[in-house]
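What follows is each chain in one-letter form.
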Amino acid sequence: ILIVTSTTNIDLNSFNNVSTYVIGVERGCLHLIDKKIRIDLAIGDFDKVDDAELNVIKEYANKIEI
């Protein structure tokens, strides 16, 4: 399981496979999207993202829990 909560300098490409369950939290989702890392679950109250960013997250993530 990989949980991303914010922007990081860590190379996440090794986690971009079907063996790793990827969870994006709040703005961490946007970092995953930017790095083209799939998101199995996006989670948070998303009060730190605007409506346009939230729509992008909803389209990209396999599942979202608000």
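Cut-offs used in this document
- Residues numbered from 1 in each chain as written.
- Predicted model: local features only at pLDDT ≥ 70, side-chain atom pairs only at ≥ 80, totals over all residues.
- Heavy atoms only, no water.
- Core = buried A, V, L, I, M, F, W, Y, C linked by side-chain atoms within 4.5 Å.
- Buried < 20%, exposed > 50% of the residue type's maximum accessible area, 1.4 Å probe, protein only.
- Helix = DSSP H or I, 4+ residues; strand = E, 2+ residues; numbered from the N terminus.
- Contact = heavy atoms within 4.5 Å.
- Pairing = 2+ DSSP bridges.

> I keep staring at the nonpolar core and nothing clicks. Help me out?
Grouped burial of nonpolar side chains is what soluble globular proteins tend to show. Counting 16 residues, the largest nonpolar core has Leu32, Ile39, Ala42, Phe46 and Ile57 as the members making the most contacts within it. Residue assignment for this core shows that the elements contributing at least two residues are β1 (2-4), α1 (28-34) and α2 (51-60). Of the residues forming this core, the biggest block, four residues, is contributed by α1. Ala42 has contacts with Gly24, Cys29, Ile57, Ala61, Lys63, Ile64 and Glu65, leaving out every residue within four places of it along the chain.

> Even after reading the chapter, I still don't get the sheet that holds β1, so can you show me in this structure?
Adjacent strands of a sheet form backbone hydrogen bonds with each other and so pair up, either parallel or antiparallel. Read across the sheet, four strands follow the order β1-β2-β3-β4 without closing on themselves; strand pairing throughout is parallel. Of all the strands in the sheet, the pair left with one neighbour each is β1 and β4 (64-65). Pairing analysis gives two bridges linking strand β3 (residues 41-43) to β4, with the strands arranged parallel. Each bridged residue has a counterpart across the sheet, and for Ala42 the counterpart in β4 is Ile64.

> I tried to follow the pairing of strand β2 (residues 22-25) on my own but got confused; where do I start?
Each regular strand displays side chains that alternate between the two surfaces of the sheet. Note that β1 and β2 share three bridges and pair parallel. Across the sheet, the residue bridging to Val4 is Gly24, located in β2. With three bridges joining them, β2 and β3 adopt parallel strand pairing. By the bridge assignment for β3, Ile23 is matched with Leu41.

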